[in-house]
Amino acid sequence: MSPTITTSSEANGNVSAATARAAASAAALSEAAGPQPVTMAKALNTALADAMHADPSVLVFGEDVGMLGGVFRITDGLTATFGEQRCFDTPLAESGIVGMAVGMAINGMRPVIEMQFDAFAYPAFEQIVSHVAKMHNRTKGAVKLPMVIRVPYGGGIGGVEHHCDSSESYYAHTAGLKVFTPATVADGYRMLREAIDSDDPVIFMEPKKLYWSKDLVDLAELRTAHSAAASAGQSSEGRAAVARPGTDATLIAYGPSVPTALAAAEAAALEGRSLEVIDVRTLVPFDDETVCESVRKTGRAVVIAEAHGFASVSSEIVARVQERCFHHLAAPIRRVTGFDIPYPAPKLEKYYLPGVDRILDAVDDLQWEN
């Protein structure tokens, strides 16, 4: 079982002076360097470390997140810096991990737990639906659950079933949960910090295939901006982003599908067609305003997601846009999603996942003749 949880000061007392100096020196060098190529994994790791530095009630636990640093190394170095009382390994029991986090959150902690792989979270689903999502409502607001459940999800890594599920629809359908999914390095940092700050439970969906994507980012600037926004009570929660402006049609995507949508828009531009790309960012709460403003402008839309199309988040997006933009639509809204089959073998995933060609085919089908 995990070590006994102690206070931040007790935990930090276990960290050697040399380790603390090394961490401070690395942070100083990072801040002095300014914008530099940063991976999504590094941004998430930095967000966790910054949150733990800023708030002694934040702790991280899950399977292999301690000395190993997680399967994808998102928690790398946290145990060395903060001690085993604040970043530690658990038994292979997802329901136990979530159940323990619920108890900690009720008692004033801010646990951040990792499910390791998307489908590994299913044994904890009863805890998430019956307790995490409902505790605040069940107690008429008396009990809050400020906890984050990190779920690496989606395909594109050559994994097998149970390692590449897109399970966001289950969580988005469950009232009482917020669902975040970043698509850029900067959003990885920004949105994880906001998730940890939230007094409501957040399912934080991390696109596995984007862990090693790189953007030019100033982590020190993001850290400062987060502190300023938090002090002012500001948040990007529930706000989509225009990832690429356009005029002819709108591509609506989130998480791992955003880079694919951008690639499709780039290819369409070579053919003389201007496609706007909307990055939804937070599935719950959903930003109807930004999405519908774009569709009303372009008159055409394609929704892109890796998950199965039937009874999905993409289905909900289509319904919401159709209800709000019906009289502005020049064509039915199209979807490009994963097929309604179990996730295929690694050699076949390129046929299963939405790609540029499938997106452009859907765009071509938007009744341009009219």
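Residues numbered from 1 in each chain as written. Predicted model: local features only at pLDDT ≥ 70, side-chain atom pairs only at ≥ 80, totals over all residues. Heavy atoms only, no water.

### Some points on the sheet that holds strand β3 (residues 87–89)
Our working rule: Pairing between two strands is assigned when DSSP locates at least 2 bridges connecting them. Runs of H or I in DSSP of at least four residues are treated as helices and runs of E of at least two as strands, each being numbered from the N terminus. Throughout, an axis means a line fitted to C-alpha atoms (over the contacting stretch in the case of helices), and angles, computed between N-to-C directions, take values from 0 to 180 degrees. We call two residues contacting when some pair of their heavy atoms lies within 4.5 Å.
Strand order in this open sheet of seven strands is β3-β2-β4-β5-β7-β6-β12, and the pairing throughout is mixed. The two strands at the open ends of the sheet, each matched to only one other strand, are β3 and β12 (282–284). Averaged over all adjacent pairs, the angle separating strand axes in this sheet is 20°, with direction ignored. With two bridges connecting them, strand β6 (residues 178–180) and β12 associate as antiparallel partners. When the bridges of β12 are listed, Phe180 appears paired with Thr282. Along the sheet face, helix α3 (residues 40–54) touches β2 (58–62), β3, β4 (110–114) and β7 (202–207) and points at about 135° away from the line of β2.

### Focus on the pattern of salt bridges
As a reminder of what qualifies: Take a side-chain nitrogen of Lys or Arg and a carboxyl oxygen of Asp or Glu: if they are within 4 Å of each other, that pair is a salt bridge. Each residue is assigned to one of three classes by its accessible area relative to the maximum for its type, calculated with a 1.4 Å probe on protein chains only: buried under 20%, partly exposed between the two thresholds, exposed over 50%.
Counted under the stated rule, the structure contains 20 salt bridges. A salt bridge links Arg110 to Asp199; its shortest N-O distance comes to 2.6 Å. Here Arg110 is found in strand β4, whereas its partner Asp199 is found in the loop between α9 (185–197) and β7, with 89 residues between them in sequence. Using a relative accessible area of 16% as the deciding quantity, one classes Arg110 as buried. Measuring nitrogen to oxygen at the nearest pair gives 2.6 Å for the salt bridge that ties Asp118 to Lys208. Of this pair, Asp118 sits in the loop between β4 and α6 (125–132) while Lys208 sits in the loop between β7 and β8 (214–217), placing them 90 residues apart in sequence. Pair check on accessibility: Asp118 and Lys208 agree, each one buried.

### Quick notes on the sheet that holds strand β10 (residues 249–253)
Taken together, the five strands give an open sheet; going across it, the order is β9-β11-β10-β13-β14, and neighbouring strands pair in mixed fashion. Sheet topology places β9 (241–244) and β14 (334–338) at the edges, where each strand pairs with a single neighbour. Neighbour-to-neighbour, the strand axes of this sheet turn through a mean angle of 25°, independent of strand direction. Inspection of the sheet shows β10 paired to strand β13 (residues 301–308) by four bridges, in the parallel sense. Counted as the bridge partner of Ala253 is Ile304 from β13. Set on the sheet, helix α11 (residues 257–270) makes contact with β9, β10, β11 (275–279) and β13; between it and β11 the angle comes to about 170°. Each of β9, β10, β11 and β13 touches helix α12 (residues 288–298); the most contacted strand, β10, lies at about 155° to it.

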